[in-house]
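# Examining the three-dimensional arrangement
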Amino acid sequence: MNIPYELAGNGTQVMVPQENVLRLRMSMAEEGLPAGGSIGYEIFDRTEAFGPTTFVQNINRVRALEGELSRTIRTLKQVREARVHLVLPQREVFTRETSEATASVVLPIRGAGGLDDQQIAAIQHLLAAAVPDLHPSRVSVIDDQGNLLASGTGEDDTAGGSSQALTDYRARYEAGLKLAIERLLESTIGLGRVRAEVTADLDLEQVVTNAEEFDPDGQVARSTQTVAETEQNSDTEGEQPVTVAENLPEADVAQPAGARSSSAIDRSEETVNYEISKTVRSLTRAPGAFKRLSVAVLVDGTYTTAEDGTKAYTPRSAEDLERYATLVRTAIGFDEGRGDQVGVANIQFAQIELPPKVPEAEALLGLEKADYLALAEIIGFVVVGALIVLLVLRPLVGRVLPGGHPA
């Protein structure tokens, strides 16, 4: 701004020329300055005579963290001021369960635009990343008008903030289709001679589907057990009877040949365990799918101008309306199985008649209204100046000069 300045009061005061004070204050107010007196980590720069207690240190740590987060949030363009409150639970002795950390943010918004859902989520994640054990869903955000921007209940805002997001998404989608249809048909019919309205029916239910499918034909061998067993037996039967002489140690008695018999057994066993193939599917369908689209299009007819200047209206043919409907169906992604509806009607638009122009009054003496106002202002200053001279300056001069008489 090219304004000379001088620092005073050990850097706590900025001295500028008096004629620039008001203009500089207005310029700083537009930028949101001064920004406020939040205290950050510089709170630990202050030394005390005695060591602070643990309680004071914990309080200062929370104050410093709140101040730093407030400064960071104020850097956003839409945020004029920010105030952060943190609740950091302390771990109690002999307890296993601890409370979750929570936070609340108050945001005075600059302008009438407000913050969108993405910016609010960014603020929540900013605090969650800076504070230990703080989840983004535990951060509540409100604006300076008392409007709840984020609940901070610890749940995903599928029923609260998400429903508002779905409503905004539906409005944006409908507005986008409406604009696309009007631009498409206006290129043929004419500017301002097409009106379209789109209604999108959203499915706000969240559906979770779990399925298990068994395929008997897709068998897989899980385990195989094979047992093989072989057994052989051999028996001999003598023809002579057994005597004592045959059993003597030194007896050398020829053994007669007897009848022999043998047997063999082979057995094999195999056990196979099969596993039937199984498919487990889990499908989650998020809300926001379009159940049906309804489009209504209104088009104007054609006009012909006669020689006398009158306009004659001619409605459009059924073939033209069908062609327009085909274009609209293609533009919106028409799905008959979904139950979409498209209606194109030809109705004469109302003609807007402008009020007749009022002739301007002739200026008196060649002067306009603004000239008379300026002249009246000059006369007023002259009258006020004359009154000051007669009623104020003249009595003062009479009293000051020698031999003067009070008026």
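Look up: the structure comes first, before these words.
Presented here is a report on the structure given in the accompanying data block. (Residues numbered from 1 in each chain as written. Predicted model: local features only at pLDDT ≥ 70, side-chain atom pairs only at ≥ 80, totals over all residues. Heavy atoms only, no water.)

### Describing the sheet that holds strand β10 (residues 289–299)
With mixed pairing, the 3 strands of this open sheet are ordered in space as β7-β10-β13. The outermost strands of the open sheet, each flanked by one partner alone, are β7 (194–203) and β13 (341–346). The mean inter-strand angle of the sheet, taken between neighbouring strand axes irrespective of direction, is 10 degrees. Pairing between β7 and β10: 10 bridges, direction antiparallel. Paired with Arg195 across the strands is Leu298, a residue of β10. Helix-sheet contacts for helix α5 (residues 318–332) involve β10 and β13, and the interaxial angle to β13 is about 145 degrees. (Pairing = 2+ DSSP bridges. Helix = DSSP H or I, 4+ residues; strand = E, 2+ residues; numbered from the N terminus. Axes fitted to C-alpha atoms, helices over the stretch in contact; angles between N-to-C directions. Contact = heavy atoms within 4.5 Å.)

### Topic: the nonpolar core
Most often, soluble globular proteins keep nonpolar side chains buried together rather than apart. Core analysis: the largest hydrophobic core is formed by 23 residues, its most contacted members being Ile73, Leu86, Val105, Leu107 and Leu127. With sequence-adjacent residues up to four places away left out, Val105 is seen in contact with Ile73, Arg83, Val84, Leu127, Val139, Ser140, Val141 and Ile142. (Core = buried A, V, L, I, M, F, W, Y, C linked by side-chain atoms within 4.5 Å. Buried < 20%, exposed > 50% of the residue type's maximum accessible area, 1.4 Å probe, protein only.)

### Observations concerning helix α3 (residues 117–130)
In a regular helix each residue adds 1.5 Å, so 14 residues correspond to 20 Å; α3 covers 20 Å between its end C-alpha atoms and thus fits that length. Check the buried side of α3 and you find it contacts α2 (54–74), β3 (83–87), β4 (102–107), β5 (139–143) and β6 (148–150). (Expected span 1.5 Å × (residues − 1).)

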